[in-house]
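Chain by chain, the residues:
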Amino acid sequence: MGDVRQRLHLQLDPEAGHPRVISPLNRVVLAAVVAAVLIAILSTERSFLPDHRDLLLRVDRGILLFFAVELAGRFWVAGLNPRHAGISGLLRFTLRPSTLTDMVVLVPLFIDLEGSWLTLFRMVRVLRLFQVTEIPAAARAIRAFRSALKSHWFELGFTGVLGAGLLLASSVALYLIEGRLQPDIFGSVPRSIWWSVVTFTTVGYGDAVPITPLGRVIAGFHAIAGLAVVAMFTGIIASALTESVEERDKQDTGPPSP
């Protein structure tokens, strides 16, 4: 029994195996999560339900039972991880966000839910995909990303302030120029902000468009300036990540040999 528990521990605990490899069983779990999310998506399509409702319910119930067995297995082997050994360690394991999410996912297995509530609990399953972050390599990548952002917080903050100033200035300008002509769209600064955000992000829904020559000139300038700000923000993040990766590679390889 101890050997079975140890093998199951290697399969279920991301920290027990190779730091850069997802175990075969955890791959099956992730595939089941994807299947569960697809079922949740399909269950919202009324034209699909009449002919496939029973099949979806059976598959969904089977996936939930699989999740229940998998969660029980995780509790069984949790104590083999030094961080979760003992009563206090088991309590920490139980109160982890990932474990609590696993428990919430199983609610439809014990309580009959219908309509939007059932869809909501089904969609919660997508959070289980984030369990991949428990793999040491993934956790290390996340730490590197945080470190990269922290090291360039001033540049990112300055770019954010610049973008916010551009949004506000353009909104005020269009309110003054177009407000009387299009009160439903530009009749206030908050209403103009919607146009400003849509233009800034280059989405361009077309529901808010300036009609005066001056308003169109300002809109063109705003669109071009918005592209520049977005490019600045993207470039800072890309540069920070590149520096972080290079620093990590240096630490992995160590100092060059003489």
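Just so it is clear, the structure is predicted and the values come from calculations on it, not from any experiment. Every chain is numbered independently, its residues counted from 1 as its sequence is written. Reporting of local features is limited, given that this is a predicted model, to residues whose pLDDT is at least 70; pairs of side-chain atoms are given and counted only at 80 or more, and all residues count toward the totals for whole chains, interfaces and linings. Calculation of side-chain values draws on the structure's entire complement of heavy atoms; hydrogens and water are dropped beforehand.

1. Structural notes on helix 5 (residues 97-105)
Convention followed: The buried label goes to any residue with under 20% of its type's maximum accessible area, the exposed label to any with over 50%, and the partly exposed label to all in between, with areas taken from a 1.4 Å probe on protein chains only. In this text, helices come from DSSP runs of H or I with a minimum length of four residues, and strands from runs of E with a minimum of two, each type numbered from the N-terminal end. An arc is given here, and it is the one of the directions from the helix axis to the C-beta atoms.
Every buried residue of helix 5 is accounted for by S98, T99, T101, D102 and V105. Viewed along the axis of helix 5, the buried residues span an arc of 160°, placing them on a single side of the element.

2. Focus: helix 11 (residues 189-200)
Keep this limit in mind: Here a helix's expected span is defined as the number of its residues, less one, multiplied by 1.5 Å.
Taking 1.5 Å per residue, twelve residues should reach 16 Å; helix 11 reaches 16 Å between its end C-alpha atoms and fits that length. What helix 11 keeps buried is the set S192, W195, S196, V198, T199 and F200. Just downstream of helix 11 lies T202, where phi reads positive at about 60°.

3. Re the pattern of salt bridges
Applicable threshold: Here, a salt bridge means any side-chain nitrogen of Lys or Arg that lies within 4 Å of a carboxyl oxygen of Asp or Glu.
What the rule picks out here adds up to two salt bridges. Note that R7 is salt-bridged to D3, the shortest N-O span being 3.3 Å. Highlighted residues: R7 and D3, both in helix 1 (residues 2-12), separated by four residues, approximately one helical turn. Classification of D3 as partly exposed rests on a relative accessible area of 47%. A salt bridge links E70 to R74, with the nearest nitrogen and oxygen atoms 2.3 Å apart. Of this pair, E70 and R74 both sit in helix 3 (residues 49-77), four residues apart, roughly one helical turn. Here R74 falls in the buried class, since its relative accessible area comes to 10%.

4. As for a nonpolar patch on the surface
Test applied: Residues forming no salt bridge and having over 30% relative accessible area are the ones grouped into patches, like charges within 9 Å of each other and nonpolar side chains (Val, Leu, Ile, Met, Phe, Trp, Tyr) within 5 Å. Only the protein chains shown count as covering a residue, and every accessible area follows the Shrake-Rupley method with a 1.4 Å probe.
Taken together, the side chains of V34, L38, I41, M123, V126, L127, L129 and F130 define a hydrophobic patch exposed on the protein surface, amounting to about 660 Å² of accessible area. The dominant element in the nonpolar patch, judged by the number of residues it contributes, is helix 2 (residues 24-42), at three residues. Topologically, L129 is positioned in the loop between helix 7 (115-123) and helix 8 (136-151). Classification of L129 as partly exposed rests on a relative accessible area of 31%.

5. Looking at the packing of aromatic side chains
Which entries qualify depends on this criterion: Any Phe, Tyr or Trp ring, taking Trp's six-membered ring, that has another such ring centre within 6.5 Å forms a pair; planes under 30 degrees apart are called stacked, those over 60 apart edge-to-face, and the others tilted.
Under the counting rule described, the total for this entry stands at four aromatic pairs. Centre to centre, the rings of F75 and F93 are 5.2 Å apart; their planes meet at 90°, and the pair counts as edge-to-face. Of this pair, F75 sits in helix 3 while F93 sits in helix 4 (residues 86-94); the two residues are 18 residues apart in sequence, bridging distant segments of the chain. Residue F75 is classed as partly exposed on the basis of its relative accessible area of 26%. Residue classification places F93 among the buried residues on the basis of a relative accessible area of 5%. Between W153 and F154, the ring centres sit 6.0 Å apart and the planes meet at 90°, which makes this aromatic pair edge-to-face. Here W153 and F154 have matching classes, each one exposed.

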